[in-house]
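Listed here are the chains, written in short residue letters.
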Amino acid sequence: LHSDVDKGEGKVKYVLRGEGATSIFTIDENTGDIHATKRLDREEQAYYTLRAQAQDRATSLPVEPESEFVIKVQDINDNEPKFLDGPYNAQVPEMSPVGTSVVEVKATDADDPTYGNSARVVYSILEGQPYFSVEPKTGNEILNVISTLAVTEVISTYGLNQLGIVRTALPNMDREARDQYLLVIQAKDMVGQMGGLSGTTSVTVTLTDVNDNPPRFSRKSYQFAVPESLPVASVVAKIKALDSDIGPSAEMDYRIIEGDGLGVFRVAPDNDTQEGVITLQKNLDFETKSSYTLKIEASNRNIDPRFLSQGPFSDTAMVRLTVENVDEPPIFSSPLSKMVVSEAAKVGTIIGTVSALDPDSTNSPIRYSIDRNTDLERFFNIESSTGVISTAKPLDREANAVHNITILATESCVYGMEADGLYISWAEDSGRLDPSQVGKGVALITVMDINDNAPVFAIEYETFLCENVGPGQITLIRGSKHCALMQKKLYTDANETEVTVA
């Protein structure tokens, strides 16, 4: 600064006031030259407003009015671009076409976007090629497109720190072959020219699954054994078609499409394991049918039509189910046998016969016995080999008119011989009897009455006889003490009993 009043005689001095005066800026009071005393950083403060004045050195009175001026800090390229939101994680479906957008990245440069190229950024990919690319977008490109706008308007509206778009660069990237990629993206200022500063960030790209793989059974046939005693609704077997996909793309449905087990078995998917669970729908009988064959289809639930050309998204397998024979207890031809016997029957009288059969193919002989918990007084016996029931004690209808006894039937599995030639059966050896192999039936025996009891008066009567009663007339023998004669008429009420006089 210099005042016209200053003639170089040393009578004028210069004074500086305002932002940074004395701390950042100083003025030579003799010459008016202004100096910066420390390094300036435009990114911290780009402008300083100062006031200077020429004063009389002797009186400090102003010799000219105060002058205000602005010092603008001119930018240099001293800041590298920074990815403030990095590192990035992104997903893109496998098999995406070339050029599919994956993620947008943004680098910010603190330098002055209106001065030179210090803040004009170009993006490039350092690691991740040839699978991915990044499209650089700089302020220059925007200025070329929007040439009608002023530079400051473009900067205010669009900014010079534009997005970089990461895109797929190869077709048919297969998640099943590789599902993750680590990219390194660089942002360089000075429009990428030599001497520009740069910053990097990482982008982890995960390929998400699409249904591009059909389910396949590892084998074309399976065989399982099923015990014939298996309860209905039980799980018979599980099969699984393999699918390289995951999540919804690997969800499967199973169904029986052929076979002689339709209606006997059903198959349904386990939504957690994607297995086909075969369950029993009807009781099995080895003696009736010893094996079943099912043709089961596994198909994807969610099909992507883009990949139908690769073939059907289903597969089939044959399942053979062999029914295992189980030693079943004997079955009575009738679970309830009704019988009648006279109470006059002598000991040993045959009442009736029960019959049971071995349902197994061995058709073993049957031995019968009475569950003595239902015949505690042992009124009856049963012939062990024939099932003939007979009386073991005299019966009394008046004591017990109906006997409900349980008959036990077991297979007669001979395993030894005594010296006298008699075989010992499984049923006879209680130590070897398996309760699960015992069949049970009920014999309901009704005892028929005979006239084996004389009438007995319930009480002892006091009788009264009228003195003038005649033959064939009725006299009151209980109740009133007066004579009431009624010719040949019998009657009874709650208090009187009648007899006829001969």
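Up top is the structure.
So, how was this worked out
- Residues numbered from 1 in each chain as written.
- Predicted model: local features only at pLDDT ≥ 70, side-chain atom pairs only at ≥ 80, totals over all residues.
- Heavy atoms only, no water.
- Helix = DSSP H or I, 4+ residues; strand = E, 2+ residues; numbered from the N terminus.
- Buried < 20%, exposed > 50% of the residue type's maximum accessible area, 1.4 Å probe, protein only.
- Contact = heavy atoms within 4.5 Å.
- Areas by Shrake-Rupley, 256 points an atom, 1.4 Å probe, with all protein chains shown as cover.
- Phe/Tyr/Trp six-rings, centres within 6.5 Å; stacked < 30°, edge-to-face > 60°.
- Lys NZ or Arg CZ within 6 Å of the ring centre and 35° of its normal.
- Core = buried A, V, L, I, M, F, W, Y, C linked by side-chain atoms within 4.5 Å.
- Pairing = 2+ DSSP bridges.
- Axes fitted to C-alpha atoms, helices over the stretch in contact; angles between N-to-C directions.
- Lys, Arg positive; Asp, Glu negative; His and termini not counted.
- Salt bridge = Lys/Arg side-chain N within 4 Å of Asp/Glu carboxyl O.
- Polar contact = N/O pair within 3.5 Å; in protein donor to acceptor, adjacent residues only side chain to side chain.
- Patch = residues over 30% accessible without salt bridge, like charges linked within 9 Å, V, L, I, M, F, W, Y side chains within 5 Å.

Observations regarding the overall build of the protein chain
Within the protein chain, the secondary structure is distributed over two helices and 33 strands. A buried classification covers 37% of the 502 residues belonging to the protein chain. Restricting the contact set of the protein chain to residue pairs at least 6 apart, pairs at least 24 apart contribute 67%. With an accessible surface of roughly 28500 Å², the protein chain has 51% of that area assigned to carbon and sulfur atoms.

Regarding the packing of aromatic side chains
Here a ring pair, both rings aromatic, is described through the centre-centre distance and the interplanar angle of the planes. Evaluation of the coordinates by the stated rule reveals ten aromatic pairs. Measuring from ring centre to ring centre gives 5.5 Å for Phe132 and Tyr181, while their planes differ by 70 degrees; the resulting arrangement is edge-to-face. Of this pair, Phe132 sits in strand S9 (residues 132-135) while Tyr181 sits in strand S11 (residues 180-188), and the two are 49 residues apart along the sequence. Residue Tyr181 is classed as buried on the basis of its relative accessible area, which comes to 6%. Both rings, one in Tyr222 and one in Phe224, keep their centres 6.5 Å apart while their planes meet at 5 degrees; by these two values the pair is stacked. Residue class for Tyr222 comes out buried when judged on its relative accessible area of 9%. Three or more aromatic residues joined by ring pairs make a cluster, and in this case those are Phe217, Tyr222, Phe224 and Tyr254. If you follow Lys289 out to its NZ or CZ, it ends over the ring of Tyr292, 5.2 Å from the centre.

A few points about the nonpolar core
Formed by 25 residues in total, the largest nonpolar core has its most connected members in Val236, Phe265, Ile278 and Ile296. Look past the residues within four positions of Phe265 in its chain and what remains in contact with it is Val236, Ile256, Ile278, Thr279, Leu280, Gln281, Leu284, Tyr292, Leu294 and Leu321.

Let's talk about unusual backbone geometry
Here the residue pair Gly86 and Pro87 is connected by a cis peptide bond, since its omega of -5 degrees sits within 30 degrees of zero. Tracing the backbone shows Pro87 in the loop between strand S5 (67-72) and strand S6 (88-93). A cis geometry characterises the amide bond from Gln129 onward to Pro130, with omega recorded as 5 degrees. Of note, the phi angle at Thr22 is positive, near 75 degrees, even though the residue is not glycine. With respect to the secondary-structure elements, Thr22 resides in the loop between strand S1 (12-18) and strand S2 (25-27).

Regarding the sheet that holds strand S21 (residues 314-324)
Spatial strand order, S14-S21-S20-S17: four strands in an open sheet with mixed pairing. In this open sheet, the two strands that pair with only one neighbour each are strand S14 (221-227) and strand S17 (252-259). The mean inter-strand angle of the sheet, taken between neighbouring strand axes irrespective of direction, is 30 degrees. Summarising the sheet, strand S20 (residues 291-300) and S21 pair through nine bridges and their orientation is antiparallel. Following the sheet pairing, Ala298 is matched in S21 by Asp315.

Thoughts on the sheet that holds strand S4 (residues 47-56)
The antiparallel open sheet is built from three strands, whose spatial order is S1-S4-S5. Looking at strand neighbours, the two that pair on one side only are S1 and S5, the edges of this open sheet. Recorded for the sheet is a direction-independent mean angle of 30 degrees between the axes of neighbouring strands. Alignment of S4 against S5, held across six bridges, turns out to be antiparallel. Residue pairing across strands places Ala52 opposite Ser67, the latter belonging to S5.

As for the side chain of Asp212
By the secondary structure assignment, Asp212 is in the loop between strand S12 (198-208) and strand S13 (216-217). The side chain of Asp212 sits in the buried core without any salt bridge; Arg175 is the nearest counter-charge, 6.5 Å away. Among the polar contacts listed, one links the side chain of Asp212 to the side chain of Asn213, at a separation of 2.9 Å. Excluding residues within four positions of it along the chain, Asp212 makes contact with Glu94, Met95, Asp174, Glu176, Asp245, Phe307, Gln310 and Phe313.

Considering the side chain of Glu228
Relative to the helices and strands, Glu228 resides in the loop between S14 and strand S15 (235-239). No salt bridge forms around the buried Glu228; measuring N to O, its nearest opposite-charge neighbour Lys289 is 13 Å away. For Glu228, the contacting residues outside a window of four places in its chain are Leu284, Asp285, Phe286, Glu287, Val323, Glu324, Asn325, Val326, Glu328 and Asp360.

Brief notes about the environment of Ile24
Along the polypeptide, Ile24 turns up in the loop between S1 and S2. With eleven residues separating them along the chain, Ile24 and His35 place their C-alpha atoms 8.4 Å apart. In contact with Ile24, not counting residues within four places along its chain, are His35, Ala36, Thr37, Lys38, Leu40 and Tyr48.

Quick look at the pattern of salt bridges
Enumeration over the complete set of coordinates arrives at 16 salt bridges. The salt bridge involving Glu66 is made with Arg17; its shortest N-O contact spans 3.4 Å. Of the two residues, Glu66 is situated in the loop between S4 and S5 and Arg17 in strand S1; the sequence distance between them amounts to 49 residues. Glu66 is the partner of Arg51 in a salt bridge, and the nearest nitrogen-oxygen pair spans 3.3 Å. One end of the pair, Arg51, is in strand S4; the other, Glu66, is in the loop between S4 and S5, with 15 residues separating them in the sequence. On the accessibility criterion, Glu66 (38% relative accessible area) is partly exposed. Each of Arg17, Arg51 and Glu66 takes part in salt bridges that share partners, so that together they form one network.

Here's the deal with a nonpolar patch on the surface
Nonpolar side chains collect at one region of the surface, where Phe457, Ile459 and Tyr461 lie side by side and expose about 320 Å² of accessible area between them. Owing to a relative accessible area of 64%, Phe457 belongs among the exposed residues under this scheme.

Here we look at the environment of Val63
You can see Val63 is positioned in the loop between S4 and S5. For Val63, a relative accessible area of 29% gives the class partly exposed. In the structure, Val63 is positioned 57 residues away from Asp6 in sequence and 9.2 Å away in space, judged by C-alpha atoms. The contacts of Val63, once residues within four sequence positions are left out, are Ser3, Val5, Val12, Ala54, Gln55 and Asp56.

Quick look at the pairing of strand S29 (residues 402-411)
Both faces of the sheet carry side chains from a regular strand, because those side chains alternate between them. Of all ten residues in S29, eight are buried, a share of seventy percent or more. With eight bridges connecting them, S29 and strand S30 (residues 439-448) associate as antiparallel partners. Across the sheet, Ala409 pairs through a bridge with Gly439, a residue of S30.

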